[in-house]
Every structure is written in structure tokens, then in C-alpha cells.
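Given next are the chains, with one letter for each unit.
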Amino acid sequence: MQALTEAEIRASFVNCTKGEASRARLPRELAELDWAGLDFLGWREPGAPDRGYLVAEFEGRTVGVALRLAQRPGAGRGGAMCSICLTAHPASGVALMTARRAGRGAAAEEYASAGEYFCSDLACPLYVRGRKRVAAGGARMTESLNAEQRVARMRANLAGFLGRVVR
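Residues numbered from 1 in each chain as written. Predicted model: local features only at pLDDT ≥ 70, side-chain atom pairs only at ≥ 80, totals over all residues. Heavy atoms only, no water.

### Quick look at the packing of aromatic side chains
Threshold: Any pair of Phe, Tyr and Trp rings, taking the six-membered ring for Trp, is counted once the centres come within 6.5 Å. Such a pair is stacked with planes under 30 degrees apart, edge-to-face with planes over 60 apart, and tilted for the rest. In this text, helices come from DSSP runs of H or I with a minimum length of four residues, and strands from runs of E with a minimum of two, each type numbered from the N-terminal end. Each residue is placed in one exposure class: buried if its accessible area under a 1.4 Å probe, protein chains only, is under 20% of its type's maximum, exposed if it is over 50%, and partly exposed if it falls in between.
Inspection of every chain in the model, using the stated rule, returns three aromatic pairs. A ring pair is formed by Phe13 and Tyr53, whose centres lie 5.7 Å apart and whose planes are at 75 degrees; its orientation type is edge-to-face. Linking Phe13 in the loop between helix H1 (6-12) and helix H2 (18-23) with Tyr53 in strand S2 (residues 51-58), this pair joins segments that are 40 residues apart in sequence. Judged by relative accessible area, Phe13 falls into the buried class, the value being 10%. On the basis of relative accessible area, Tyr53 is assigned to the buried category, the value being 6%. Chaining the aromatic ring pairs together yields one cluster made of Phe13, Trp43 and Tyr53.

This is the structure in C-alpha cells:
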């Protein structure tokens, strides 16, 4: 992923107003990020546990998406798997996140949002590359895919989600 400025990140959001994008609290460490090691930038808003954001390259442009965490009855028991990077976590490590669809018109009215199970900290690129470990009770599955193939699968899963939001 190419390094982005605060202004570029805020301008990339496709499913919220300019005012909402301007009020989003961005990660403080933007200048120190290893952008080359990220397939997308994801973060949760400090002080607002039900909000998250992700910014990624999609169809040749930078796309930002505002996310809302859905309430999960019984969360905290058992385990769960992220649908994007396929990392298994304790149940609290995965959250159903929804995004308002960016489109206008009949298609947007019919399906007003898209949702997916994400790592609750939105650190999928770090888990896939082994740069972040799963909390006790979760683990990366043993797979025959190498790291490059796992990254490609994660990118394809993310593109599927973004396609449902953007179109």
C-alpha cells in the first residue's frame, strides 16, 4: 500500500459525509507506519468502540469505508474466524462490521449495508504475515498456502467486501 496523508485518507471515504470523515479520529502513528507491509489500513476509533475504518486500494483508487460494529449476543464465548484473513480468534477477537453502501438509487435502497466478520482490531495484514499474534485461545490455521498466497486470498476477500460497499 502507498503511504497516505491525513487529507488523502479523509478524501477517500465513500460511504459517509465529508463532515463525518473530517470528525473521524485517525491513527496517531500514520508517519511511522510500514505502509509497504499493509494491504489496507484498518483502525477502531478510540473512545467509540462501535466505530471502525478501513482504507484500501480498490479498482485503481484509494477507498475509505466507515464501519459500524454490530452487537453480538453471547460474544465472549467460544471462538470465531475472520472472514477476510481467516484467522481464528477467541470470540472477542472477531466482530461483525457493517458499512453503509456508497451507491445511490434502487440498488442502494434494496441493500442499504454490507457486513463481514473482521478481526476486531482490523489488523488482518499483520496476522496473515505473522507480524501479530492471536490472543490466547485463538491461532492461525495450519495451511498448505504460503504467505504470498494467504495475502492474495485476504486481498480477494477484502475486494469482495469493498465491491459490495462501493457498487
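### Quick notes on the sheet that holds strand S7 (residues 113-119)
Definition in use: Only strands joined by at least two bridges in the DSSP assignment are considered to pair. Axis lines are fitted to C-alpha atoms, over the contacting stretch for helices. Their N-to-C directions set the angle, which ranges from 0 to 180 degrees. In this analysis, two residues are considered to be in contact whenever any of their non-hydrogen atoms come within 4.5 Å of each other.
With antiparallel pairing, five strands are arranged side by side in an open sheet as S1-S2-S3-S6-S7. A single partner strand is all that each edge strand has here, and the edge strands are strand S1 (40-44) and S7. Direction aside, neighbouring strands of the sheet carry axes that sit 30 degrees apart on average. Sheet analysis places S1 next to S2, joined by five bridges and oriented antiparallel. Note on S2: the bridge partner recorded for Arg44 is Gly52. Its contacts with the sheet place helix H5 (residues 147-166) against S1, S2, strand S3 (61-69), strand S6 (94-100) and S7, and it is angled at close to 155 degrees to S7.

### Digging into the pairing of strand S5 (residues 87-90)
As defined by bridge partners, strand S4 (residues 79-81) adjoins S5 across three bridges and the pair is classed as antiparallel. From the neighbouring strand, Gly79 faces S5, where its bridge partner is Pro90.

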